[in-house]
Amino acid sequence: MKTWLSVPADSDFSIQNLPFGVFDAGNGQPRAGIAIGNHIVNLAAAAESGLFGKRRFFKKLFEQPVLNDFIALGKPVTNRVRRKVQEWLCLPQTPENAEAILVERGAVRMLLPVRIGDYTDFYSSIEHATNVGKMFRPDNPLLPNWRWLPVGYHGRSSSIVVDGTPIRRPHGQILPKGEEIPVFSSSRQVDFELEMAFVIGKENPLGQPVPVEKAEEYIFGLVLFNDWSARDIQRWEYVPLGPFLGKNFGSSMSPWIVPLEALKPFRVKGPKQNPAPMDYLRTTGARNCDIELEVAIQPENGSETVVCRSNTRYLYWSMAQQLAHHTVNGCNLRVGDLLASGTISGPTPDSFGSLLELSWGGQKPLTLRDGSIRTFLLDGDSVVIRGWANQDGLRVGFGAVRGKVEP
Ligand code: CA
């Protein structure tokens, strides 16, 4: 595929990618868009020029502040819109309406692309679960259920924010080491969690589970996700009902939703599962994705240090298994729901996806490029997560999700 538009060779947003997002062009009016290189295809303008047929219908659809109604039309429609944009970008010469439809990506502010109804966070990396288990329960790191089901919890959607939104250091109850009485304090252990998340694109009625082999029909696309965590608050509160205020002060997502279809060339088999999953979780074929991930910390006024390199392929439980398990009891998913993977840690210490693991609970401080050390995040630190798939010169990337810790 060749486009008349100049797209940098190393761009995450290649002609094969074409992810969906919502941008504000500066006049406070949201518009749906597709990223291509350093530009955005303004889908409302493309609709107005008749690219998708039914001008008024599509123009109105792409002037909405979120993509939910568009996604709810289903893959035949969303894939057709993507294909029409691809064809338009691959016309033999620059079309006359190019100027009216293209927007400079650097000139706009990206918005949260979907209205997220429910948010679920899984715990699907065996390396992460084992590492955290060793620190919180040295005698019993991986609990007996972990290899049988994709462990997860219901999180909170109201505090999910888009790339670039600052994160305020939370206050809460903390039990100081060796003490029996908790104190009220600002968290001293604010951390990131390297995750990916997927957006639900199709509903299942209450009471009707989604079979694992059909699960991917319900996945619209993927984003990068930082599940900010306050470890000291989490440690005191999590027994017996799990994560709460140590998690819901903020989670950040990347603004461009990469459709599952764009990741087709990068699908791989997951790790061998032992014991063999129960029938309702049993899948065949390449259900994982080979997506390279990195996390960098950038101190206030400083330069970035990459502190972690990982890969989505390390996940033990696949998205299809997460979705099948989530609905096996009849729980209904709705368009715009977000299901996150859990921290994606790899097998080596430089691939651990949180500071909790990288600094091993604070025992092994990291040294950044400016010589400063970190066990957990300081005020002014920005965390940047990037992700991309790359194979034989074909690149499909996610851009980045960035957030800065503020006092
Ligand atoms: Ca998490």
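This is a predicted model, so every value here is computed, not measured.

So, about the overall build of the protein. Along its length, the protein carries nine helices and 26 strands. In terms of overall dimensions, the protein is globule-like: its C-alpha atoms have a radius of gyration of 21 Å, near the 22 Å expected for 407 residues. Over its C-alpha atoms, taken along the principal directions, the protein stretches across nearly 70 × 55 × 40 Å. The burial tally for the protein puts 55% of its 407 residues in the buried class. Surface exposure of the protein reaches about 18,000 Å², of which carbon and sulfur atoms provide 51%.

Turning to empty space enclosed by the protein, a few remarks are in order. Tallied over the full model, the rule gives three cavities of 30 Å³ or more. Quantified by volume, the largest cavity comes out at close to 110 Å³. Along its surface, the largest cavity is lined by 15 residues, and Met196, Leu222, Thr312, Leu315 and Met319 are the ones closest to its centre. Of all the secondary structure elements, the ones that give two or more residues to the lining of the largest cavity are strand S13 (194–200), strand S19 (288–289), helix H8 (319–327) and strand S22 (338–340). Ranked by residues supplied to the lining of the largest cavity, first place goes to S13 with three residues. Per-class residue counts for the lining of the largest cavity are nine nonpolar, five polar and one charged.

To continue, consider the coordination of the calcium ion. Distances from the calcium ion to its protein donors, Asp121 (OD), Glu193 (OE), Glu195 (OE) and Asp227 (OD), fall at 2.2 to 2.3 Å. Linear spacing of the donor residues for the calcium ion on their chain is D-x71-E-x1-E-x31-D. Pair noted here: aspartate 121 is in strand S6 (residues 119–122) and glutamate 195 is in strand S13, with a separation of 74 residues, a long-range link. In terms of burial, aspartate 121 and glutamate 195 fall into one category: buried.

What follows concerns the layout of surface pockets. Taken as a whole, the largest pocket holds about 630 Å³ of empty space. Lining the largest pocket are 27 residues; nearest its centre among them are Tyr123, Val151, Tyr238, Gly242 and Pro243. Those elements that provide at least two residues to the lining of the largest pocket are S6, helix H6 (126–136), strand S7 (152–154) and helix H7 (231–237). When residues of the lining of the largest pocket are assigned to their parent elements, the largest contribution, four residues, is made by H6. Grouping the constituent residues of the lining of the largest pocket by class yields 14 nonpolar, seven polar and six charged. Quantified by volume, the second largest pocket comes out at close to 510 Å³. Secondary-structure elements contributing two or more residues to the lining of the second largest pocket are H6 and H7. In terms of residue count, H7 provides more of the lining of the second largest pocket than any other element does, three residues in total. When the residues that make up the lining of the second largest pocket are grouped by side-chain class, the tally is eight nonpolar, three polar and four charged.

Once that is clear, we can look at the confidence of the model for the protein. Averaged over every residue, the pLDDT of the protein is 97; residues scoring 70 or more account for 100%. When the elements of the protein are averaged for pLDDT, H6 gives the smallest value, 93, and strand S14 (residues 219–226) the largest, 99.

Here the focus is the sheet that holds strand S21 (residues 305–311). Strand pairing within a sheet occurs via backbone hydrogen bonds; the two strands may be parallel or antiparallel. Ordered in space as S9-S26-S25-S20-S21, the five strands form an open sheet in which the pairing is mixed. Among the strands making up the open sheet, the edge pair consists of strand S9 (167–168) and S21.

Once that is clear, we can look at the domain arrangement of the protein. According to the domain assignment, the protein contains domain 1 (20–111) and domain 2 (119–406). Taken together, the 17 residues of domain 1 in the interface contact 17 residues of domain 2. Here domain 1 and domain 2 share an interface that buries about 1,300 Å² over both sides, 66% of which is from carbon and sulfur atoms. The three residues of domain 1 that bury the most area against domain 2 are Phe20, Ile71 and Lys75, which together make up 44% of that side's buried surface. Here domain 1 is connected to domain 2 by one salt bridge. Lysine 75 serves as the salt-bridge partner of glutamate 261, at 2.9 Å between the closest nitrogen and oxygen. At the boundary of domain 1 with domain 2, the tally comes to four residue pairs in polar contact (both at pLDDT 80 or more). Contributions of two or more residues to the side of domain 1 that touches domain 2 are made by strand S1 (20–24), strand S2 (30–36), helix H3 (68–72), helix H4 (75–89) and strand S5 (109–111). Tallying contributions element by element places H4 first for the side of domain 1 that touches domain 2, with four residues. For the side of domain 1 that touches domain 2, the per-class residue count stands at nine nonpolar, five polar and three charged.

Calculation criteria
- Residue numbers restart at each chain and count upward from 1, following the sequence in its written direction.
- With the structure being a predicted model, the display of local features is reserved for residues of pLDDT at least 70 and the display and counting of side-chain atom pairs for 80 or more, all residues being used for whole-chain, interface and lining totals.
- Heavy atoms from the whole structure form the basis of all side-chain values; hydrogens and water molecules are not counted.
- Secondary structure elements are defined from DSSP: runs of H or I of at least 4 residues count as helices, runs of E of at least 2 residues count as strands, and each element is numbered from the N terminus.
- When we talk radius of gyration, it's over C-alpha atoms, and the globule rule is simply 2.2 Å times the number of residues to the 0.38.
- Burial classification: accessible surface area is computed with a 1.4 Å probe over protein chains only, and a residue below 20% of its type maximum counts as buried, one above 50% as exposed, and the rest as partly exposed.
- For the accessible areas, the method is Shrake-Rupley and the probe is 1.4 Å, while residue cover comes only from the protein chains on display.
- Grid spacing is 1 Å over the protein atoms alone, the probe is 1.4 Å, and a cavity is where that probe fits but cannot get out, while a pocket is an open set with protein on both sides within 12 Å along at least five of seven lines and lining residues have an atom within 4 Å of a point.
- Grid points are joined across faces, edges and corners, and a volume is the space filled by probe spheres set on the points.
- Think of it as three bins: nonpolar holds Ala, Val, Leu, Ile, Met, Phe, Trp, Tyr, Cys and Pro, charged holds Asp, Glu, Lys and Arg, and polar takes everything else, Gly as well.
- Donor criterion used throughout: N, O or S atom within 2.8 Å of the metal, extended to 3.2 Å for Na, K and Ca. Water excluded; incomplete-looking sites may result.
- How sure the predictor is of each residue is captured by pLDDT, a score from 0 to 100.
- Strand pairing requires that DSSP identify at least two bridges connecting the strands.
- In this entry, domain limits derive from an automatic or database-based domain assignment.
- In what follows, residue pairs with any heavy atoms lying within 4.5 Å of each other are defined as contacts.
- Two parts placed together each lose some accessible area; with a 1.4 Å probe, that loss summed over both constitutes the buried area.
- Any carboxyl oxygen of Asp or Glu that lies within 4 Å of a side-chain nitrogen of Lys or Arg is treated as forming a salt bridge with it.
- N or O atoms closer than or at 3.5 Å make up a polar contact, with two conditions inside protein: a donor-capable atom paired with an acceptor-capable one, and, for residues adjacent in sequence, both atoms drawn from side chains.

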